[in-house]
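Given next are the chains, with one letter for each unit.
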2 protein chains.
Amino acid sequence: MSDREDRQVLVVGTGLIGTSIGLALSAAGSQVWLSDRDPKACKVASERGAGDPLAGDAKPSLVVIAVPPRSVPVVAAEYLTLFPEATVTDAASVKTMPLTRLAEIAPNQLDRFVGGHPMAGREVAGPQAGRSDLFEDRLWVITPSESNEPATVDDVRWLARTCGSLVVELTPVEHDRAVALTSHVPQLLASVLAAQLTDADSGDVAVSGQGLRDVTRLADSVPELWAEILASNAPDVLAVLRRVTAELQQVAESLERVAQADYNRELPADFAPVREVLERGNQGRNALPDKHGGAAHDYDVIPVVVDDKPGELARLFAAAGEADVNLEDVRIEHTVGRLRAIIELDVDPTASPRLRKLLQESGWQIRG
Amino acid sequence: MSDREDRQVLVVGTGLIGTSIGLALSAAGSQVWLSDRDPKACKVASERGAGDPLAGDAKPSLVVIAVPPRSVPVVAAEYLTLFPEATVTDAASVKTMPLTRLAEIAPNQLDRFVGGHPMAGREVAGPQAGRSDLFEDRLWVITPSESNEPATVDDVRWLARTCGSLVVELTPVEHDRAVALTSHVPQLLASVLAAQLTDADSGDVAVSGQGLRDVTRLADSVPELWAEILASNAPDVLAVLRRVTAELQQVAESLERVAQADYNRELPADFAPVREVLERGNQGRNALPDKHGGAAHDYDVIPVVVDDKPGELARLFAAAGEADVNLEDVRIEHTVGRLRAIIELDVDPTASPRLRKLLQESGWQIRG
């Protein structure tokens with residue numbers, strides 16, 4: 001609400017997210033104050049250039065509460081009271097339950113609170129992991145309500161944009177439903193599947209490939225933080241999880257019937273639910289947005305054999321660069337026990353023949 | 001069992017797998033015969049160079065049954081009878097149930113049957129998709145039994161190696177248990193999760209990122225084939241699926257309890273099962289083999305900002321090549337709505353500082 005050029009921002013909680021916000025705002029020229037209940041974390045963030053430890057003469061017009069979701073209501077209420085002119089926002093990946101609780105404990109100050117969720121993270125935590133560009137080109141969901149003054153919402157939009165993010169406005173209910181489906185339940189499925197590997201025979205796991213790696217990648221996430229996120233979005237996560245488990249139950253019933261049926265060429269008719277799930281899985285993949293926010297593209301895949309040694313990728317991409325073809329995606333598929341790899345290049349179908357021809361002329365081995 | 005240089009091989013079923021085997025063996029100099037109940041598929045495979053349509057004077061010493069799993073027993077029995085001297089193998093991704101059924105219908109000929117599973121595939125099907133190098137550097141599981149003559153097993157090892165694969169010997173039971181865990185249940189979870197996206201609000205799906213993409217990638221698979229694979233391995237798939245659904249059920253119960261509890265800073269104690277699943281998920285990821293078959297590596301990740309236009313990757317990899325550093329993996333993370341991307345380079349920690357320095361000196365923007 002003050003002039004933004006010399007605005008003062010207070011960041012409460014100097015973990016990965018808070019420190020990254022402090023670094024981005026400091027780099028943009030704002031006066032940033034830092035606070036954390038762990039003075040050491042605050043000191044580390046400050047020494048890294050994220051801002052100055054909160055001092056008595058601080059007059060922040062914007063307070064960013066970057067604490068775990070379940071601490072947001074209490075901490076936000078505290079700072080709404082401490083700075084009665086300031087806009088207060090948060091950075092938690094769940095919006096409804098913290099806001100409901102805040103409405104109970106600070107009902108008269110909600111007009112100055114606008115929820116926020118910068119959609120970026122790393123698998124590492126703490127102020128040491130903070131990066132000034134963590135939010136660049138990421139979505140930053142904000143959840144304004146009708147009780148908010150326009151200038152208050154503008155403060156939070158300014159915060160997101162100054163950190164380099166694209167602002168998306170949703171209601172808290174829309175936000176929580178969306179992330180339950182696209183982030184929280186995927187996290188649970190990845191973790192539960194990866195958990196099965198802990199008890200498995202190492203020989204069983206040895207026959208795994210890239211597919212298992214992809215499905216379980218999210219299982220690398222930090223357990224403490226994710227337990228809190230899942231708990232804070234329990235109703236929405238439950239709604240999606242119940243649909244998933246109901247479908248898995250149907251699949252299990254079909255499998256039971258087929259296990260008891262004679263093993264013939266024809267699948268029993270009551271195996272149809274499994275085929276339908278597989279077909280709907282195909283359709284669901286087509287519903288994913290592509291990188292520019294539109295519907296998914298079909299790219300041509302060019303699989304190229306390269307030796308697994310320094311410089312080979314450089315040679316390949318130099319050759320691809322000559323064709324003036326944009327690479328939409330690249331995957332390295334390593335082969336077990338051998339020192340070469342398949343590089344899969346995704347390119348626009350109209351450009352694909354040109355690139356194939358040029359690579360072949362340059363002596364590259366293209367599979368298929 | 002004959003001299004392998006001039007051996008005759010019959011491939012029954014000229015889909016993706018059969019055609020690829022025919023192409024590989026033909027390229028290696030074998031006389032390959034082809035058969036398919038669809039004469040058109042056989043003709044396409046033959047015209048592509050996979051072999052000659054089966055003729056009356058054919059004398060195959062090895063028959064490869066490359067038909068869907070549920071057709072394997074009947075077709076294998078047919079060819080065991082037709083060529084009473086030949087070794088017969090298959091290429092199905094399930095081993096126990098087809099073998100059990102074959103033992104019922106051709107009990108006296110099992111000594112000449114050795115199960116096989118070349119672990120490669122594509123998302124596309126049919127003889128047009130066949131590639132001579134589909135199996136190169138892939139695992140090819142074979143499942144010999146004590147009733148097999150050593151020479152019979154050698155025939156199948158020869159087949160796998162001639163196609164460029166690494167041979168792994170397992171019992172049918174070991175094989176089916178391993179693929180249920182590492183391939184079949186991951187397929188189901190990916191498909192069921194992706195299926196949820198079909199009914200979702202497009203706005204909900206719009207806030208998704210790379211995580212959802214990775215978890216659901218397997219959902220692109222061909223439904224017909226996968227319905228049969230899952231049905232053919234029903235008991236083992238069920239065993240893993242029941243463990244997964246039991247854990248998801250526990251998670252759901254924890255979520256129900258926490259949804260009813262007061263929303264405070266502290267998580268209720270009975271939310272521990274969720275935290276444990278997340279922790280075991282971390283451990284399970286560490287159990288995955290790395291690309292050379294050993295335990296997983298920790299690589300340093302170097303995130304580099306590049307413009308999303310032709311030639312930029314070439315410039316980056318040329319710079320990386322100068323550092324003489326081997327890239328273990330590469331991921332392109334596109335940003336929504338903007339024309340630049342983050343390229344994540346995975347490199348050995350000992351080489352990482354050198355590469356970072358060189359990239360920075362060359363003017364590349366490294367994040368963090």
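Residues numbered from 1 in each chain as written. Chains lettered and ligands numbered in written order. Predicted model: local features only at pLDDT ≥ 70, side-chain atom pairs only at ≥ 80, totals over all residues.

What to know about the overall build of chain A
A tally of regular secondary structure across chain A gives 13 helices and 12 strands. With the principal axes as the frame, chain A shows a C-alpha extent of 75 × 55 × 40 Å. Burial analysis of chain A (368 residues in total) assigns 49% to the buried set. When contacts within chain A are restricted to residue pairs at least 6 apart in sequence, long-range pairs at least 24 apart make up 70% of them. (Helix = DSSP H or I, 4+ residues; strand = E, 2+ residues; numbered from the N terminus. Buried ≥ 20, exposed ≤ 12 C-beta atoms within 10 Å, placed from the backbone. Contact = placed C-beta atoms within 7 Å.)

Describing the pairing of strand 6 (residues 113-118) of chain A
The two faces of a sheet get side chains in turn, since along a regular strand they alternate between them. Residues and elements named next belong to chain A. Of all 6 residues in strand 6, 6 are buried; the element is thus mostly enclosed. On strand 6, burial covers both faces: Phe 113, Gly 115 and His 117 on one face and Val 114, Gly 116 and Pro 118 on the other are all buried. Relative to strand 6, strand 5 (residues 87-90) is paired through 2 bridges, and the arrangement is parallel. The residue bridging Val 88 from the neighbouring strand is Phe 113, located in strand 6. Two strands pair when backbone bridges link them, and strand 6 and strand 7 (residues 139-143) are joined in this way by 4 bridges, in the antiparallel orientation. Bridging across to strand 7, Pro 118 finds its partner in Trp 140. (Pairing = 2+ DSSP bridges.)

A closer look at the domain arrangement of chain A
Structurally, chain A comprises domain 1 (4-170), domain 2 (177-286) and domain 3 (300-366). Taking the mean C-alpha position of each, domain 1 of chain A and domain 3 of chain A sit 43 Å from one another. (Domains from an automatic or database assignment.)

Some words on the interface of chain B and chain A
Taken together, the 122 residues of chain B in the interface contact 122 residues of chain A. Per-element accounting of the side of chain B that touches chain A gives the leading share, 19 residues, to helix 10 (residues 234-260) of chain B. Partitioning the side of chain B that touches chain A into residue classes produces 65 nonpolar, 28 polar and 29 charged. (Nonpolar A, V, L, I, M, F, W, Y, C, P; charged D, E, K, R; others polar.)

Overview of the nonpolar core
Core analysis: the biggest nonpolar cluster contains 184 residues, and Val64(A), Ile65(A), Val64(B) and Ile65(B) have the highest contact counts within it. Formed by 33 residues, the second largest nonpolar core is a distinct cluster that contains Ala323(A), Val330(A), Ile343(A) and Val304(B). (Core = buried A, V, L, I, M, F, W, Y, C linked by C-beta atoms within 7 Å.)

A closer look at unusual backbone geometry
Residue and element names in this part refer to chain A. Unlike most non-glycine residues, Asp 137 shows phi in positive territory, near 65°. With respect to the secondary-structure elements, Asp 137 resides in the loop between strand 6 and strand 7. A residue is classified by how many C-beta atoms lie within 10 Å of it, and Asp 137, with 20 of them, is buried.

Some words on the sheet that holds strand 5 of chain A
Residue and element names in this part refer to chain A. Across the sheet, which stays open at both edges, the 8 strands sit in the order 3-2-1-4-5-6-7-8 with mixed pairing between neighbours. Here the strands that pair on one side only, and so sit at the sheet edges, are strand 3 (52-53) and strand 8 (166-169). Note that strand 2 (residues 31-35) and strand 3 share 2 bridges and pair parallel. By the bridge assignment for strand 3, Leu 34 is matched with Pro 53. Sitting on the sheet, helix 2 (residues 39-47) touches strand 2 and strand 3, and the angle it makes with strand 2 is about 155°. (Axes fitted to C-alpha atoms, helices over the stretch in contact; angles between N-to-C directions.)

Focus: the environment of Ala323(B)
Take Ala323(B): it is sitting in the loop between helix 12 (312-322) and strand 10 (327-334). Placed 96 residues apart in sequence, Ala323(B) and Ala227(B) show a C-alpha to C-alpha distance of 48 Å.

Structural notes on the sheet that holds strand 1 (residues 8-12) of chain B
Residue and element names in this part refer to chain B. Within the open sheet, the 8 strands sit side by side as 3-2-1-4-5-6-7-8. Their pairing is mixed. Among the strands making up the open sheet, the edge pair consists of strand 3 (52-53) and strand 8 (166-169). Packing of helix 2 (residues 39-47) onto the sheet brings it into contact with strand 2 (31-35) and strand 3, and relative to strand 2 it is tilted by some 155°.

As for the relation of the copies chain B and chain A
For the pair chain B and chain A, the superposition axis carries a translation of 0.0 Å, the fit reaches an RMSD of 0.1 Å, and the rotation angle comes to 180°. Here the symmetry operator amounts to a two-fold rotation axis. Ranked by how close their C-alpha atoms come to the rotation axis, the residues of chain B are headed by Val215(B), at 2.0 Å. Interface overlap between copies is the fraction of interface residues in one copy that are interface residues in the other; for chain B against chain A it reaches 100%, indicating a shared surface. (Least-squares fit on C-alpha atoms with pLDDT ≥ 70 in both.)

Topic: the confidence of the model for chain A
Low-pLDDT stretches of the model should not have their predicted coordinates read in fine detail. Of all residues in chain A, 93% attain a pLDDT of 70 or more, and the chain-wide mean is 89. Confidence drops under a pLDDT of 50 for residues 291-296 of chain A, and excluding neighbours within four residues, the segment shows 11 contacts in the predicted structure. (pLDDT = per-residue confidence, 0-100.)

What about the environment of Leu110(A)?
Residue and element names in this part refer to chain A. For Leu 110, the position within the fold is in the loop between helix 4 (96-105) and strand 6. A residue is classified by how many C-beta atoms lie within 10 Å of it, and Leu 110, with 17 of them, is partly exposed. Residues Leu 110 and Leu 80 lie 30 residues apart in sequence; the distance between their C-alpha atoms is 8.7 Å. When residues no more than four places from it in sequence are discounted, the contact partners of Leu 110 are Leu 102, Ala 103 and Ser 147.

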